[in-house]
Amino acid sequence: MDGIRIEGLTKTFRAGQVRALDGVTLEIAPGEVFGIIGPNGAGKTTLLGCLLGFLRPDAGHISVDGHEPDDLVVRSMSGYLPERLTLDRWMTGRDFLAYHHALARLSAPARASEVATSLARVGLEPEAATRPIRRYSRGMLQRLGLAQALLGQPRYVFLDEPASGVDPAGVVLFRRLLGEVKSRGATVVLNSHQLDQVERVCDRVAFVKQGRVEAMETLHAGATMARVLRIRCPADGIVVAREVLERAAVRAGAELREVAPPLARFAVADDSGAARLVRELVAAGVPLAEVTPEEGRLERLFLEDEARGGPA
Amino acid sequence: MSLPIILATLRQRFTSPMRIVILITVIWMSMIPVILSPGSGFSILGDCYFLALTIAAGMIGQDVSSGTLQLVFARPVTRAQYVFSKWAAVTLGTWCVIALECVLAGIVMLVRGAPVPWGGAALYLANNALLALGTAAVMALFSALVPGLGDLGLLFLAFLSSQVIGGIGSFRNWRLAMRAAEELQRSLKPEIELWSLTHGHPIPWSMVVAYFSTVALCLAIAILLMNRKELSYASSGV
Amino acid sequence: MPPRASDPGEVRPPRARTGSTRRDPAILLAVTIVLLALRVALHVQENRAQPAVPPSAAVSDKVQWRSLESGVAEARTTGKPILYDFTADWCAPCRLMQREIFADAAAAADLERRFVPIRVLDRAREDGRNPSWVDSLQARYRVGAFPTLVVAQPYAGAPVIIEGYLGRDYTLDRIEDARRSLRVRTMMPALPDRGR
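Residues numbered from 1 in each chain as written. Chains lettered and ligands numbered in written order. Predicted model: local features only at pLDDT ≥ 70, side-chain atom pairs only at ≥ 80, totals over all residues.

S.K.: Is there a simple way to think about the overall build of chain C in this case?
M.R.: Looking only at helices and strands, chain C has 7 helices and 4 strands in total. Along chain C, from the amino end to the carboxyl end, the secondary structure elements read α-α-β-α-α-β-α-α-β-β-α. Taken over 196 residues, chain C has a buried fraction of 35%. Taking all contacts inside chain C whose residues are at least 6 apart in sequence as the whole, residues at least 24 apart take part in 72%. (Helix = DSSP H or I, 4+ residues; strand = E, 2+ residues; numbered from the N terminus. Buried ≥ 20, exposed ≤ 12 C-beta atoms within 10 Å, placed from the backbone. Contact = placed C-beta atoms within 7 Å.)

S.K.: Would you explain the sheet that holds strand β10 (residues 227-232) of chain A in this entry?
M.R.: What links the strands of a sheet is backbone hydrogen bonding, and the strands pair in either a parallel or an antiparallel sense. Residue and element names in this part refer to chain A. The 4 strands lie next to each other as β11-β12-β10-β13, forming an open sheet whose pairing is antiparallel. One side of each edge strand has no neighbouring strand; the edge strands of this open sheet are β11 (255-260) and β13 (290-294). Here the strands of the sheet are splayed against their neighbours by 20° on average, with no regard to which way each runs. In this structure, β11 lies alongside strand β12 (residues 263-268), joined through 5 bridges in antiparallel fashion. Bridged to Glu255 within β12 is Ala267. Contacts from helix α9 (residues 242-252) reach β11 and β12 within the one sheet, and its direction differs from that of β11 by about 155°. (Pairing = 2+ DSSP bridges. Axes fitted to C-alpha atoms, helices over the stretch in contact; angles between N-to-C directions.)

S.K.: Help me understand the nonpolar core in this model?
M.R.: In summary, soluble globular proteins display a tendency toward joint burial of nonpolar side chains. Of all hydrophobic cores here, the largest spans 135 residues; its most connected members are Val188 of chain A together with Ala52, Val83, Ala136, Ala137, Ala140 and Leu219 of chain B. With 15 residues, the single largest contributor to this core is helix α11 (residues 205-228) of chain B. Setting aside residues no more than four positions away along its own chain, Ala140 of chain B makes contact with Met59, Ile60, Val83, Lys86, Trp87, Cys218, Leu219 and Ala222 of chain B. Listed in part, the 35 residues of the second largest apolar core include Leu68, Tyr84, Phe86 and Leu149 of chain C. (Core = buried A, V, L, I, M, F, W, Y, C linked by C-beta atoms within 7 Å.)

S.K.: Looking at this structure, how should I read the packing of helix α6 (residues 138-149) of chain A against helix α7 (residues 168-183) of chain A?
M.R.: Relative placement of two packed helices is described by the angle separating their axes and the distance separating the axes. All names here are of chain A. Across the interface, α6 lies against α7 with an axial gap of 11 Å and an inter-helix angle of 10°. Comparing the axis directions of α6 and α7 gives the class roughly parallel. Where α6 abuts α7, its residues Gly139, Gln142, Arg143 and Leu146 lie against Gly170, Phe174 and Leu177. Residues that form the contact of α6 with α7 fall into these classes: 3 nonpolar, 3 polar and 1 charged. (Parallel < 35°, antiparallel > 145°, perpendicular 65-115°, else oblique. Nonpolar A, V, L, I, M, F, W, Y, C, P; charged D, E, K, R; others polar.)

S.K.: I would appreciate a short explanation of the sheet that holds strand β1 (residues 4-13) of chain A in the present structure.
M.R.: Residues and elements named next belong to chain A. In space, the 3 strands of this open sheet follow the order β2-β1-β4, with antiparallel pairing throughout. Sheet topology places β2 (18-28) and β4 (59-64) at the edges, where each strand pairs with a single neighbour. The sheet shows a mean angle of 20° between the axes of neighbouring strands, taken without regard to direction.

S.K.: Help me understand the environment of Leu145 of chain B, please; the structure alone is not making it clear to me.
M.R.: All names here are of chain B. Within the secondary structure, Leu145 is located in helix α7 (residues 118-145). With 15 C-beta atoms packed within 10 Å, Leu145 lands in the partly exposed category. Separated by 84 residues in sequence, Leu145 and Lys229 place their C-alpha atoms 9.6 Å apart. When sequence neighbours within four positions are dropped, the list of residues in contact with Leu145 reads Leu154 and Leu225.

S.K.: Would you explain the interface of chain C and chain B in this entry?
M.R.: Buried accessible area, meaning the area lost when the parts come together, often serves as the stated size of an interface. The interface of chain C with chain B comprises 39 residues on the first partner and 46 residues on the second. Among the secondary structure elements, those contributing two or more residues to the side of chain C that touches chain B are α1 (26-49), α2 (68-78) and α6 (132-140) of chain C. Ranked by the residues each element gives to the side of chain C that touches chain B, the list is headed by α1 of chain C, at 11 residues. The residue inventory of the side of chain C that touches chain B, partitioned by class, reads 15 nonpolar, 9 polar and 15 charged.

S.K.: Even after reading the chapter, I still don't get unusual backbone geometry, so can you show me in this structure?
M.R.: Peptide bonds are mostly trans, and most non-glycine residues show a negative phi. Residues and elements named next belong to chain A. A cis amide bond, omega 5°, links Pro261 with the succeeding residue Pro262. Positionally, Pro262 belongs in the loop between β11 and β12. Phi is positive for Arg14, close to 50°, though the residue is something other than glycine. Residue class for Arg14 comes out exposed when judged on the 11 C-beta atoms lying within 10 Å of it.

S.K.: Teacher, can you tell me more about the environment of Ala178 of chain C here?
M.R.: Residues and elements named next belong to chain C. Position of Ala178 among the secondary structure elements: in helix α7 (residues 168-185). In this structure the C-alpha to C-alpha distance between Ala178 and Arg39, which are 139 residues apart in sequence, comes to 34 Å. Discounting chain neighbours no more than four positions away, the residues touching Ala178 are Val151, Val160 and Ile162.

S.K.: Got a minute to help me understand α6 of chain C in this structure?
M.R.: Every buried residue belonging to α6 of chain C is among Ser132, Val134, Asp135, Ser136, Gln138 and Ala139 of chain C, and all of these are buried. At the exit of α6 of chain C stands Arg142 of chain C, carrying a positive phi of roughly 55°.

S.K.: Even after reading the chapter, I still don't get the pairing of strand β9 (residues 212-218) of chain A, so can you show me in this structure?
M.R.: A regular strand places its side chains on the two faces of the sheet in alternate fashion. Residues and elements named next belong to chain A. Bridge analysis of strand β8 (residues 204-209) against β9 gives 6 bridges, and the strand direction is antiparallel. For Val205, the partnering residue across the bridge sits in β9 and is Glu217. In this antiparallel pair of consecutive strands, β8 and β9, the connection spans 2 residues, and Gln210 shows a positive phi of 50°.

S.K.: Would you explain the packing of helix α3 (residues 93-103) of chain A against helix α4 (residues 111-121) of chain A in this entry?
M.R.: Residues and elements named next belong to chain A. The geometry of α3 relative to α4 is characterised by a closest axis approach of 10 Å and an angle of 120° between their N-to-C directions. By the angle between their directions, the pair α3 and α4 is classed as oblique. The interaxial crossing formed by α3 with α4 has right-handed handedness. Note on element contacts: α4 touches α3 through Arg111, Glu114, Val115, Ser118 and Leu119, opposite Gly93, Arg94, Leu97, Ala98 and His101. A breakdown of the residues in the contact of α3 with α4 according to their chemical character gives 4 nonpolar, 3 polar and 3 charged. (Left-handed = near helix turned anticlockwise from the far one by under 90°.)

S.K.: Got a minute to help me understand α9 of chain A in this structure?
M.R.: Given 3.6 residues per helical turn, the α-helix brings residues three or four places apart onto the same face. Residues and elements named next belong to chain A. Those residues of α9 lying buried are Leu245, Ala248, Ala249 and Ala252. Across the axial projection of α9, the buried residues extend over an arc of 100°, all falling on one side. α9 presents Glu243 and Val250 as exposed residues on the side facing more than 90 degrees away from its buried surface. Those residues of α9 hidden inside the fold are in contact with β11, β12 and α10 (271-283). Looking one or two residues beyond α9, the residue adopting positive phi is Gly253, at roughly 75°. (Arc of directions from axis to C-beta.)

S.K.: Sorry, what's going on with the confidence of the model for chain C here?
M.R.: Should the pLDDT be low somewhere, the predicted coordinates at that spot are not to be read in detail. All names here are of chain C. When pLDDT is averaged along chain C, the result is 78, and 76% of the positions lie at 70 or above. When mean pLDDT is compared element by element in chain C, strand β1 (residues 82-88) scores highest at 93, while strand β4 (residues 156-163) scores lowest at 79. Segment residues 1-14 is flagged for pLDDT under 50; beyond a separation of four residues in sequence, or across chains, it makes 21 contacts in the model. Throughout residues 186-196 the model reports pLDDT below 50, and contacts reaching past four residues in sequence, or to other chains, amount to 26 contacts. What the predictor reports for the complex is a pTM of 0.76 with an ipTM of 0.88. (pLDDT = per-residue confidence, 0-100.)

Below is the structure:
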């Protein structure tokens, strides 16, 4: 059982003037979906760069399944989706996947069929496969990049802002693919600014700031309720029965978390879930004096950091 | 070597509109002396240096500046394989163009009723094959040093420097400087003249050794540079 | 190659390669060092074989022949083309050309004004072999007969090769033609072209 081990990782740039990583230590277990969040310039991309062997640390050590990150063994079992998708613009989508399939030293006889399967898996239309990449939209690029990262079912998947620029259907697709990746036991390292997505898919999350891991949160991956909505009924109004609140929540696809009159807390999936809940509560005759979204667990990390005086 | 990288590089080089235009122009211009003087043999075509530079320019630097290098190095490909594959692809591409030039010249000679010197064709191909191989190695080094098409600028600077060093050397009568300038110029355009071998002359060993040492040195340094290159938006080395 | 397995407990596929992707090429580096050492050694040997003062075939020779190194350097500095005289002591037409052109004060002065003269004396018959710099030059300009005059600029333009000796006026005219054609053709001195 190896996974990823990072010990005392330090990385500086410009002859030590910029300290991008400062003694990062963490472990990622095999099969875990691990999220990395933090403000801009925190060192998240640098951390990914070191994990992928693109950058050489100034101090510390990284091992992936007991090997150095730039070892051929690790490269053979890794897939990577970069944040900046600068793909070979002169290639078609199919050519690009076939190229990376060959670079990954995967089976040549199976190449055509596996490429076609990969394209279909990420929802790229057959017509897009023969179009040059320079004519792809941002969302199409992201899908192609994801297809490339998942070629050959790698054991380690490194995703840098995978849902960036993707439409809601793409976000749903991404979550589904990630679920498939997780179900076959692959280890995923995910760097994302989209906290609700991170909260839904990750097992654990590291909050990185100024090159250090400031906090670690253990989440329940697969939880579909990322937001919390707090309602307040008028203090001098009727007391609403708990059953009424529960029925409204079920009809809206939400979860009743806590009832402490005149307050009640519900877990909802997202903004549209919140809107549905409010409609159901109104339809059920629940008098609403105030409806306030509470910050998510991960959002709280940013807010607490801001409160301590650091820039968000 | 990595066959996928070789094939992808060849496709990239020969689907670049600017490159195609330059290659076609150069090939057509080289046919003019053949059309005017078809009996002069293949040596009238000149050498393939400019063709080789056109195909080689940006062979590594363009991957760096376009950002596609990260995805390649995320795969099980060693950086040495990458450099060798780029060198092989550029060399092969230049060989194909030289062969095409040779065939076209032969056709012109036949059409104009001139005899086609097959020995001369073989010598022309062999000389230029070696020149292409050597030029690709030099450009691999320069392209590993600078992004984009900066390798051409670096080559120009190197030639200019050799002229300046040679000039200063001759002005001050510094033999070392003059010799250094000459060696630098010879290294920037590595080639072996095979004519001597076909005319009973002894093998020009200094030329042969100079050629292979230049090729080996350029490739070795290119690989050392790529092994130490850091790929990151945050790194100032990219 | 066997297809990648999706079972998480699977060991990595057979024939998976190991080792760093940034491995330095030890064999190539060793070969490079050996070749560089050989190159230096050959250069030193060549330098020793090259005479500092080039031999003149006749005492009455009025041309101040340069050594290869100083001649090339002078050509680069002054912009004058080099006039190589590929000759041999046993060559009768060569001796005739020397008497009629190079021993003539006016012709010699005129040549020195317009060219950088370098004499390349073949000693293969007398000594059994030539110095390597002579072989290199003969190979470079494909000299197969004597006398051969080559008008060239170092690393610029195509050289003009004049084989044989067909008389003083003819030869001087051809040399001048060669000089003029080199001036027209050498527009890109950094990109040498050795076609004929």
